[in-house]
Amino acid sequence: MTRHEHLLEEYEDAYFALLMEDVMVQEEARLEAWNRALQNDPAAAVPGSLDRRCLQTIRRYAFLQRRGAAFRQARKVLQIAAVIAAVMATLFTSAFAVSEEFRTAALELVRTVTGQYTQLDIRRTGETNGRWTGDYFQRVDVGWIPEGFSYCGGEYDVYAEFENGRGQSFRVEVYPENPPLDFDAEIRSYDYQGSVFINGNQSRCFTREDAVVIDASDQNNGFHFVVRAFGGISVDTATKIMMNIRRSPHAAYFENAEILWLPEGLAYQEGRYDWYAKFADGEGRWLWVYIYNGFGSLHIDTVDANFVEDVFINGNQGLCVVKNGYVHIVTTDLARCLYIDVIASDGFSPDTVKEVVEHIKLLP
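Residues numbered from 1 in each chain as written. Predicted model: local features only at pLDDT ≥ 70, side-chain atom pairs only at ≥ 80, totals over all residues. Heavy atoms only, no water.

**Re the pairing of strand 15 (residues 267-272)**
To keep it simple, the criterion reads: Strand pairing follows a simple DSSP-based rule, namely that at least 2 bridges must link the two strands. Elements are defined by DSSP. Helices are runs of H or I of four residues or more, strands are runs of E of two residues or more, and each kind is numbered from the N terminus.
The pairing of strand 15 with strand 16 (residues 276-280) spans 5 bridges and is antiparallel. Of the residues in strand 16, the one forming a bridge with Glu270 is Lys278. Connecting strand 15 to the antiparallel partner strand 16 that follows it, the hairpin turn spans 3 residues, and Asp274 within it adopts a positive phi of roughly 65 degrees.

As structure tokens, then:
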């Protein structure tokens, strides 16, 4: 290639790059205008239920990707480190625990009538301080309501509104993991008052004229709470409302499964609804349960395991692995296309963990 041809080629590359830059700028402006139009179009809004389901799917896929990457990286380092990484990677498992108190809680049929539909809900409830849990949210209690306020409307398990008849009102919203996508844009019209910790969760406070907004992320239980107060309700009152919003002790941990038995002494520690749950006792022993769909692959660390055995539990095939004191049992429910994944620390025998798996009841 001559110098002239080389310079001509560089010129053509540079010219093409400039053209693509212009196209990119124009396309960015077009998409930004389209985005603003969609944000202002009520008909284009994503339903809350679909938004929550999409976020849940994204979290699950990201979890599986992270777990697979952790296994691959673990094999490149020392064998001991590989074992630890592999064990910890499998700990992120899900289900829900049911205490004796939960199993004896009352069932009630709740009917919600709106202008568009009548909603029927069979809810497990338990009385706390004169109020019935489950009245407003499936897994969250509104533990304190200012005197004179009463429920005036809402959508079950999404939001609840209260008013006192004197022009004051507040609204409690519960989201899975993160606030709604438009929350940060909406809150820009408020004055930021600072960040505080409420019940160990980082919270933010915003004010505007006679309105107060407080939001908080409960990372341990996978919730994001928002309290909106209007009509001159003070920041202190709104903060107290937020302080008394918490996961219900009667709440389920998994949508379509129940754990009917756990070893004595184990208590719930943390989890994500419809994803995983961790239980532990005062002696440092722990047990994780995870139930997820079977559309992805599951890798079980059996390299240099002390014990590997095929199991058949509740009509489902699976594998039991004992390695470095840990017991790991995975079964597959082919009819529902589900994995049931349980791992326990040193101190639990394979028979005990098998009994836990036997008592995981999948709901129809």
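**Things to note about the side chain of Asp301**
Just so we agree on the cut-off: Any N or O atom pair separated by 3.5 Å or less is treated as a polar contact, with the protein-specific requirement of one donor-capable and one acceptor-capable atom, and with residues adjacent in sequence counted only for side-chain atom pairs.
Looking at the secondary structure, you find Asp301 in the loop between strand 17 (286-293) and strand 18 (307-313). From its side chain, Asp301 meets the backbone nitrogen of Val303 in a polar contact 3.5 Å long. A distance of 2.8 Å separates a polar atom in the side chain of Asp301 from a polar atom in the side chain of Lys323.

**Side note on the side chain of Ser345**
The line we're drawing: Think of it in three bands: residues with accessible area under 20% of the maximum for their type are buried, residues over 50% are exposed, and the middle band is partly exposed, with areas taken using a 1.4 Å probe on protein chains only. By definition, residues are in contact when any of their heavy atoms lie within 4.5 Å.
Here Ser345 shows up in the loop between strand 21 (338-344) and helix 7 (350-358). For Ser345, a relative accessible area of 4% gives the class buried. Once residues lying within four places of it in the same chain are set aside, the contact partners of Ser345 are Gly284, Arg285, Trp286, Gly325 and Tyr326.

**Here's the deal with empty space enclosed by the protein**
The criterion, for reference: Only protein atoms enter the 1 Å grid used here. Points where a 1.4 Å probe fits but cannot escape make up a cavity, open sets with protein on both sides within 12 Å along at least five of seven lines make up a pocket, and a residue lines them when an atom lies within 4 Å of a point. Grid points are joined across faces, edges and corners, and a volume is the space filled by probe spheres set on the points. The residue classification treats Ala, Val, Leu, Ile, Met, Phe, Trp, Tyr, Cys and Pro as nonpolar and Asp, Glu, Lys and Arg as charged. All others, Gly included, are polar.
Applying the stated criterion across every chain, the model contains 2 cavities of 30 Å³ or more. In this structure, the second largest cavity occupies an estimated 40 Å³ of space. For the lining of the second largest cavity, the element with the highest residue contribution is strand 15, accounting for 3 residues. Classifying every residue of the lining of the second largest cavity gives 4 nonpolar, 2 polar and 3 charged.

**A look at the confidence of the model for the protein**
Put simply, the rule is: Per residue, pLDDT measures the predictor's confidence, with a range of 0 to 100.
Of all residues in the protein, 73% attain a pLDDT of 70 or more, and the chain-wide mean is 76. For the stretch residues 70-133, pLDDT sits under 50, and the model shows 125 contacts to residues farther than four places along the chain or on other chains.

**Observations concerning the sheet that holds strand 6 (residues 150-155)**
Note the threshold: Comment: axis = line fitted to C-alpha atoms, over the contacting stretch for helices; angle = value between 0 and 180 degrees taken between N-to-C directions.
Read from one edge to the other, the open sheet built from 7 strands follows the order 6-7-8-12-11-10-9, with strand pairing classed as antiparallel. The strands lining the two open edges of the sheet, one partner per strand, are strand 6 and strand 9 (191-198). Strand-to-strand, the axes of this sheet are offset by a mean angle of 15 degrees, without reference to chain direction. As defined by bridge partners, strand 11 (residues 211-218) adjoins strand 12 (residues 223-230) across 7 bridges and the pair is classed as antiparallel.

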